[in-house]
Amino acid sequence: MSEVAANRTLIPKLSSLARFTFVDVILWALRIGVVAVVVGGTIGTLIKGRYGIAQWFDFLVFGVTIGSVYALIALGYTMVYGVLRLINFAHGDIMMTGAFSGYFLASHFAETGLLDSHPVLAMLGILAVAVTTSTIIAVLTERLAYRPFRHVRGFAPLICAIGVSFFLEQTFRGALGSGIRAYPDPAWQREVVSFLGFSVPMVEILVVVAALVSMLVLYIIVQRTKMGTAMRAVSEDADAAALMGIDVNKVVVFTFVLGGAMAGIAGVCYAFVFKQVYFFMGFTPGIKAFGAAVLGGIGSVPGAMLGGLFLGIVESVGPALFLDGIGIPAPYQLRDLIAFTLLIMVLIFRPYGILGERMAKKRA
Amino acid sequence: MTMAGAATSAKRRSRRRERSPLRHAVTLGLIFGTLAVYLAIVGILPMIDARWIIVDVVSLGDATLIAIGLGAGIATARATKPQRLPPLFLHALVAGAIAGGLMALLAIAMQLFDLRVVFIALSAALFETLTFGLGLPLGAIILVGAGALLAVLGAALSLSPPTIRKPVLIGLAFVVFFGVFQELIQIMMQFNDAIGSLREALYTWEGLTPEGAGAIFLATAIGTFLWTKSLRARVGERVARFTPAQHSYAKATRIILAVLLLVLFPVIAGSYIGQVMMLVGLYILMGMGLNLEVGLAGLLDLGFVAFFAVGAYTTALLTADSPHALAAYTMLPSLSYWAAMPLAVMASVIVGVLFGIPVLGVRGDYLAVATMGLGEIVRVIVQSDAAAPLLAGAQGILQIPKPSIGGYELSDPVQLFYLTLVASAVAAYFAWRLENSRLGRAWMAVRDDEDVAQALGINLVKCKLLAYGLGAAFAGLAGSIFAVMLTSIYPTSFQLLISINVLALIIVGGMASLPGVIVGAVALVGLPELLREFGEYRYLFYGAALIIMMRIKPEGLWPSATRRRELRADAGELVADDADEIAGAPAPEASSPGR
């Protein structure tokens, strides 16, 4: 009897090995390769000891800064996906519109000196302009380009979204010029604040605080208000929500308003960190933030925040920690490589993300 | 359509019917006016204003504004269709006046504020053009009046019988064509003396003369009139009486004529046209490759440029006379182009399969983003210093020799065009055979429903990897020709924009349709290349084309036969429901691919 039982357990094992095709071999090689680079690189870097503790802290803080910007953008992706099941490919460009419109006010304020004399007022003004612009553009995009595809399945909505992305980029390029413009760099933003014995530039603190406050506000709106509840209902099941008397159109517009506003704030933050704006600036952060949204579990608001922060930190610490250790020259050029690899690994191996299991199960 | 959707769209439809014609006219006026203002702000209007259609009389910019004015009138006439004429003309008048009024507002705003600080295109020269050089109050009034007048003209044109409307529109189109492409046409017309003297009659060196334009208009308009009046019916009768043998003979003649035209055209038209046609040929090659992936197999691939890059880099590494070539530091000999090209294609196929394996399980929208990420990874690696010892980094690989046949070097763009033409013809044959093969049908099954296809015994892994590999082969061939065309390659040539470009052309042309690829490549690559100043706005045009195509003609300009049949079947079902919706809503055939 025991022999039969042993056979029974043995046979499936063998057959599962037989089903182990070359595709699995390559997928496992991919997994092992990435882990090997991460582990090997980390060990190598730590043995080399090229970076001091202060530098690691700098990387980390910068990662949190840029990560919170990604989180703000990722929120727009995740909310729109939740409600419409659409990748709003143009969301990165909506961020760009915010950054660009903020630029004109910011440079005006920098000329008149308001940015130095009344920094809080000036920053609020810049944010207001950016948020207004990007919100208006997000709502217009929804109305003109996405609404006709509300009930179309397949490629059409995504291709339309790609078209919108190009249209926005090129419109801004044509109207405002193709050159890179320098964002103003007031002295108070360069000031260094001491924090637990480490020094942090003011602008990074500013960005993190702005992002955290806006995310908190957003979270409260989504969780506590009537409209937020309606939004969550639509993203659970749009048809049932409509039957319960929720105006789906209104909810969709509201979602785009929230996403656009977050993108506007993100645009100004991004521009103040990197000190430049140009028409194509929204593309790469947009794609990365989409990765962050998927990483956190698309459709989940806290997931997008976590995913963004995680992506920012990995991207900032990664080149030094993983790539320097295995002897790759100029690892900072490969920052985008790390972000894109993370994006692809998530899409391949964990498309439902960290917090998205519940939703994935429901949809399966 | 879900219940909620049905309910809202029904509501919207009834609201559309209730809307008064006057309100409709106002809306249309606002739309057309916004379009004109948009063109001005983005800088297209000032740019195309520099190109004359008729020298010193009408520029392309003027023509565009005139077309917008006429369009407002035509759209109003089409949309409202009242029984009596006076209210219709009133509505058209309102629409045109509003469209002109928006332009006038732009002019006023330019006068009052210094908009140039923000919008770089709003120059003083544009202000001059907008106000006809007459300054503000008068210029603005003329704008409004001209808009109203044009719209009334447009409405009248739209209501006139087709025997008049068609010749007028076709005549105008020909004048615009001969005016806009005057440089190229003039070069071609220098071919021999008889045509040369015709050129002198129609053109000065800057463009069409007013007399020339008039002659072209009259000739084409009268020609069209005669054709529609009598000739078409007679020719149709003759064709209808053809025997099957005669039909196939006629078809063969047409194909031979087309091939002859393709072969001889660049010789007549000069090397610039040759270069443009060659570029179009390269995009046709890539389009056919992506068509296998997107059109047939339904795998939306935004990293397609990676295969193009692999083809180009393999060719460069194998043939170039540079320190980065493989021959410089390995035992490999420096190959000739003809030996390197198959290897480049092979390398692309391998990369295509490797590219496909990780994303096998990813579907739909995620697949698009994943492939885009893969494409970007390839670009980042090629551009980085880390890979510079192998791939030369940002400096690029220089001195790639041109291909030669028996000691005769193919150096002229026209000669390289023939290389592209042959490659495209071979590739088109393969694509055509693939489409109707067992594999092609399997791809279409996977496209329409992956799970059902698998249940029917189609090996998904094999099927998808073949799509990636074969699609990549086309792109690799294109990349290999691209490398010898430029004789040097840089990582900046392999941007994501190329992937989007190829995607846009197969969507505009029609997915899964070979002639569609050609139409798309000519429209999206050839035209912007010919209108050189337009090149800057090419991607704006692409973005708009993607959105508009998806909204009004998701099956493309030249859909494949299967797609057309499906569409007809769908349309037949929908007629009973609401004829109005068919034009507006992308019919279900758009939803069949993917997922």
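Residues numbered from 1 in each chain as written. Chains lettered and ligands numbered in written order. Predicted model: local features only at pLDDT ≥ 70, side-chain atom pairs only at ≥ 80, totals over all residues.

### Points about the overall build of chain A
Logical step 1: Along the backbone of chain A there are 16 helices and four strands.
Logical step 2: Projected onto the principal axes, the alpha-carbon positions of chain A cover approximately 90 × 60 × 40 Å.
Logical step 3: Buried residues in chain A amount to 51% of all 364 residues. (Helix = DSSP H or I, 4+ residues; strand = E, 2+ residues; numbered from the N terminus. Buried ≥ 20, exposed ≤ 12 C-beta atoms within 10 Å, placed from the backbone.)

### Here's the deal with the overall build of chain B
Logical step 1: On a plain count of helices and strands, chain B comes out with 27 helices and six strands.
Logical step 2: Contacts in chain B between residues far apart in sequence, at least 24 positions, make up 77% of those at least 6 positions apart. (Contact = placed C-beta atoms within 7 Å.)

### With respect to the interface of chain B and chain A
Logical step 1: With 57 residues of chain B in contact, the opposing surface of chain A contributes 50 residues.
Logical step 2: For the side of chain B that touches chain A, the elements supplying multiple residues, two or more each, are helix 1 (3–18), helix 2 (21–42), helix 17 (364–383), helix 23 (496–509) and helix 25 (538–552) of chain B.
Logical step 3: Looking at the side of chain B that touches chain A element by element, the count peaks at twelve residues for helix 17 of chain B.
Logical step 4: Of the residues belonging to the side of chain B that touches chain A, the class tally is 41 nonpolar, eleven polar and five charged. (Nonpolar A, V, L, I, M, F, W, Y, C, P; charged D, E, K, R; others polar.)

### A few points about the confidence of the model for chain B
All names here are of chain B.
Logical step 1: Confidence in the prediction for chain B averages 80 pLDDT; 90% of positions are at 70 or higher.
Logical step 2: The model gives residues 1–7 a pLDDT under 50, and that stretch makes 13 contacts with residues more than four places away or in other chains.
Logical step 3: Below pLDDT 50 for its whole length, residues 572–595 participates in 42 contacts with residues either more than four positions away or in separate chains.
Logical step 4: For this predicted complex, the interface score ipTM comes out at 0.85, alongside a pTM of 0.84. (pLDDT = per-residue confidence, 0-100.)

### Quick notes on the nonpolar core
Logical step 1: Residues A71 and A99 of chain A together with F308 and L546 of chain B are the most contacted members of the largest nonpolar core, which totals 286 residues.
Logical step 2: When residues no more than four places from it in sequence are discounted, the contact partners of F308 of chain B are M286, A475, A478, G479, F494 and I498 of chain B. (Core = buried A, V, L, I, M, F, W, Y, C linked by C-beta atoms within 7 Å.)

### Section: unusual backbone geometry
Leaving glycine out, the prevailing phi sign among residues is negative, and the prevailing peptide bond configuration is trans.
Logical step 1: Phi is positive for R85 of chain A, close to 60 degrees, though the residue is something other than glycine.
Logical step 2: Summarising the element assignment, R85 of chain A is placed in the loop between helix 3 (53–84) and helix 4 (91–112).
Logical step 3: When the 16 C-beta atoms within 10 Å are taken as the criterion, R85 of chain A is described as partly exposed.
Logical step 4: One non-glycine residue, T487 of chain B, lies in the positive phi region at around 60 degrees.

### Looking at the pairing of strand 3 (residues 198–201) of chain A
Walk down a regular strand and you will see the side chains alternate between the two sheet faces.
Residues and elements named next belong to chain A.
Logical step 1: One ladder, built from four bridges, connects strand 2 (residues 192–195) with strand 3; its direction is antiparallel. In the strand pairing of strand 3, S194 is matched with S199.
Logical step 2: If you look at the hairpin formed by strand 2 and strand 3, you'll find two residues sitting between the two strands, and L196 has a positive phi there, around 55 degrees. (Pairing = 2+ DSSP bridges.)

### A look at helix 23 of chain B
Logical step 1: Its 14 residues give helix 23 of chain B an end-to-end C-alpha distance of 20 Å, which sits within 8% of 20 Å, the value for a rise of 1.5 Å per residue.
Logical step 2: Burial runs high along helix 23 of chain B: twelve of the 14 residues are buried.
Logical step 3: Against helix 7 (156–176) of chain A together with helix 13 (271–296), helix 14 (305–319), helix 17, helix 24 (514–530) and helix 25 of chain B lie the buried residues of helix 23 of chain B.
Logical step 4: One or two steps after helix 23 of chain B, the chain reaches G510 of chain B, where phi turns positive at roughly 130 degrees. (Expected span 1.5 Å × (residues − 1).)

### Some details on the environment of Y103 of chain A
Logical step 1: Mapped onto the elements, Y103 of chain A comes out in helix 4.
Logical step 2: Overall, the presence of 25 C-beta atoms within 10 Å leaves Y103 of chain A in the buried class.

### Some words on the packing of helix 15 (residues 335–349) of chain A against helix 17 of chain B
Logical step 1: Axis separation between helix 15 of chain A and helix 17 of chain B bottoms out at 9 Å; the angle between their running directions is 150 degrees. Looking at the two axes, helix 15 of chain A sits roughly antiparallel to helix 17 of chain B. The chirality of how helix 15 of chain A crosses helix 17 of chain B is left-handed. Here D336, L337, F340, T341, L343, I344, L347 and I348 of chain A of helix 15 of chain A come into contact with helix 17 of chain B, specifically with Y366, V369, A370, G373, L374, E376, I377, V380 and I381 of chain B. (Axes fitted to C-alpha atoms, helices over the stretch in contact; angles between N-to-C directions. Parallel < 35°, antiparallel > 145°, perpendicular 65-115°, else oblique. Left-handed = near helix turned anticlockwise from the far one by under 90°.)

### Section: the environment of G375 of chain B
Residue and element names in this part refer to chain B.
Logical step 1: Topologically, G375 is positioned in helix 17.
Logical step 2: On the neighbour-count criterion, G375 (26 C-beta atoms within 10 Å) is buried.
Logical step 3: Excluding residues that lie within four positions of it along the chain, G375 makes contacts with L302, G303, V305, A306, L496 and S499.

### Considering helix 22 (residues 460–486) of chain B
Residue and element names in this part refer to chain B.
Logical step 1: End to end, helix 22 covers 39 Å across 27 residues, agreeing with the expected 39 Å (1.5 Å per residue, within 8%).
Logical step 2: Burial analysis of helix 22 places 21 of its 27 residues in the buried class, the great majority of the element.
Logical step 3: T487, located one to two residues past helix 22, shows a positive phi value of around 60 degrees.

### Quick word on the packing of helix 14 (residues 301–323) of chain A against helix 15 of chain A
In a pair of packed helices, the angle between the axes and the distance between the axes together describe the arrangement.
Residue and element names in this part refer to chain A.
Logical step 1: One way to put it is that helix 14 packs onto helix 15 with a least axis distance of 9 Å and a crossing angle of 135 degrees. With respect to each other, helix 14 and helix 15 are oriented oblique. Two packed elements cross with a definite hand, and for helix 14 against helix 15 that hand is right-handed. Here L311, V314, E315, G318 and P319 of helix 14 come into contact with helix 15, specifically with R335, I338, A339 and L342.
Logical step 2: Classifying every residue of the contact of helix 14 with helix 15 by side-chain character gives six nonpolar, one polar and two charged.

### Quick look at the confidence of the model for chain A
Residues and elements named next belong to chain A.
Logical step 1: Per-residue pLDDT for chain A has a mean of 83; in total, 92% of the residues score no lower than 70.
Logical step 2: Element-level pLDDT for chain A is lowest in helix 1 (residues 2–18), with a mean of 50, against a maximum mean of 91 in helix 12 (residues 248–274).
Logical step 3: Counting interchain partners and residues more than four positions distant, the pLDDT-below-50 stretch residues 1–12 has zero contacts.
Logical step 4: Across residues 360–364 the pLDDT falls below 50, and counting only partners more than four positions away or on other chains, this stretch makes one contact in the model.

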